[in-house]
Amino acid sequence: MSIRVVVADDQELVRSGFSMILEAQPDIEVVGEAGDGVEAVAAVQRHAPDVLLLDIRMPRMDGLEAARLVCGQSGCRVVMLTTFDLDEYVYEALYAGASGFLLKDVRRDDLVHAVRVVAAGDSLLAPSVTRRLVADVIRRRRAEAAEPAPSSARLDVLTAREGETLRLLARGLSNTEIATALFVSEHTVKTHVSNVLGKLGLRDRVQAVICAYESGLVTPGTP
């Protein structure tokens, strides 16, 4: 079954370019395009896609508001696309319910990969965005004198395999890539990820990444 995608961007050339890249894939079908947020929401309602590629800055309704509506009203997964990697956009997009955040200069293969990863139920952030997000959170935490210093003690509740899963997740690997690295099935990886989130009281994979950095399990620049 093909992954159904709607592409929303106010620039026709950009919109057409993304559509052509995705349509060239045997497992992806572009079922609609939109030139602003209002059209994007309507297209999702009309076509029921699996993934919505959504620009942030658009007329009538911006991508952030459109993402809130789409994520609140459907099971469609949203990937935000923008030329701007300002932190406030990252936070607002994640709060809106977006599953992915990519810059518009993303490589062709990375765009296709992002659609597949998000359609499969995973979250994905551009590596540069992830680094900035994590660095910003850690900086804020360390600036708050009342906060205790990060400690790896909270990770003691994890099994060795769950800890390794968290480390790989924090490096930005998808479930498929983690499964390959650990020589286990994707189903097993999903179970490990679910256990990690549950034991550590985390909402999603983004919070898991932040936790891994704060606890010292991984550090910026770790391969």
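About the cut-offs
Residues numbered from 1 in each chain as written. Predicted model: local features only at pLDDT ≥ 70, side-chain atom pairs only at ≥ 80, totals over all residues. Heavy atoms only, no water. Helix = DSSP H or I, 4+ residues; strand = E, 2+ residues; numbered from the N terminus. Buried < 20%, exposed > 50% of the residue type's maximum accessible area, 1.4 Å probe, protein only. Contact = heavy atoms within 4.5 Å. Areas by Shrake-Rupley, 256 points an atom, 1.4 Å probe, with all protein chains shown as cover. Core = buried A, V, L, I, M, F, W, Y, C linked by side-chain atoms within 4.5 Å. Pairing = 2+ DSSP bridges. Salt bridge = Lys/Arg side-chain N within 4 Å of Asp/Glu carboxyl O. Axes fitted to C-alpha atoms, helices over the stretch in contact; angles between N-to-C directions. Parallel < 35°, antiparallel > 145°, perpendicular 65-115°, else oblique. Left-handed = near helix turned anticlockwise from the far one by under 90°. Nonpolar A, V, L, I, M, F, W, Y, C, P; charged D, E, K, R; others polar.

Draft legend 1. Highlighting the overall build of the chain. A tally of regular secondary structure across the chain gives ten helices and six strands. Within the chain, the fraction of its 223 residues that count as buried is 48%. Relative to all contacts within the chain whose residues are 6 or more apart in sequence, the contacts with residues 24 or more apart total 65%. Accessible area of the chain: about 11100 Å², with a carbon and sulfur share of 52%.

Draft legend 2. Structural context of the nonpolar core. By size, the foremost hydrophobic cluster in this structure holds 28 residues, and its most contacted members are A8, L52, L54, V70, V78, M80 and F101. Looking at this core, the elements with two or more residues in it are β1 (3-8), β2 (28-34), α2 (37-47), β3 (51-55), α3 (63-73), β4 (77-82), α4 (87-96) and β5 (100-103). For this core, the element with the highest residue contribution is α4, accounting for five residues. Every residue in contact with V70, bar those within four places of it in the chain, is listed here: V41, V44, L52, C76 and V78. One finds L166, L168, L169 and L182 within the second-largest nonpolar core, a separate group that totals 22 residues.

Draft legend 3. Broad picture of the environment of L52. With respect to the helices, strands and loops of the structure, L52 is situated in strand β3. On the basis of relative accessibility, which here comes to 0%, the residue L52 falls in the buried class. Along the backbone, L52 and R77 are 25 residues apart, and their C-alpha atoms lie at a distance of 6.2 Å. Apart from residues no more than four positions distant in its own chain, L52 is found in contact with V6, A8, V44, V70, C76, R77, V78 and V79.

Draft legend 4. A look at the pairing of β5. Alternating positions in β5 separate into two faces, G100 and L102 on one and F101 and L103 on the other, with burial throughout. In this sheet, β5 lies alongside β4 in parallel orientation, the contact comprising four bridges. Of the residues in β5, the one forming a bridge with V79 is G100.

Draft legend 5. Seen up close, the pattern of salt bridges. In this structure the tally under the stated criterion is nine salt bridges. Measuring nitrogen to oxygen at the nearest pair gives 3.4 Å for the salt bridge that ties K104 to D55. Of this pair, K104 sits in the loop between β5 and α5 (108-119) while D55 sits in strand β3, placing them 49 residues apart in sequence. The class for D55 is buried, based on a relative accessible area of 4%. A salt bridge links R107 to D110; its shortest N-O distance comes to 3.2 Å. Among the residues examined, R107 registers a relative accessible area of 54% and is labelled exposed. Under the relative-accessibility criterion, D110 is labelled partly exposed at 31%.

Draft legend 6. The packing of helix α7 (residues 160-170) against helix α9 (residues 186-200), seen in detail. In the contact formed by α7 and α9, the axes pass within 9 Å of each other and the chain directions differ by 95°. The angle between the axes of α7 and α9 places the two elements in the roughly perpendicular class. In this structure, α7 uses R161, E162, T165, L166 and L169 to contact α9, whose residues at the interface are H192, V193, N195, V196, K199 and L200.

Draft legend 7. Geometry of the packing of α7 against helix α8 (residues 175-182). Between α7 and α8, the least distance of the axes is 10 Å, while the angle of their chain directions is 130°. On the basis of their axis angle, the class for α7 and α8 is oblique. Seen along the crossing, α7 lies across α8 with a hand that is right-handed. Residues R161, E164, T165, L168 and L169 of α7 touch α8, and the partners they reach there are I178, A181 and L182. The residue makeup of the contact of α7 with α8, split by class, is five nonpolar, one polar and two charged.

Draft legend 8. Region of the structure containing unusual backbone geometry. Located in the positive-phi region is A48, a residue other than glycine, with phi close to 50°. When you line up the elements, A48 lands in the loop between α2 and β3. One non-glycine residue, R60, adopts positive backbone phi at about 65°. Turning to its location among the elements, R60 is positioned in the loop between β3 and α3.

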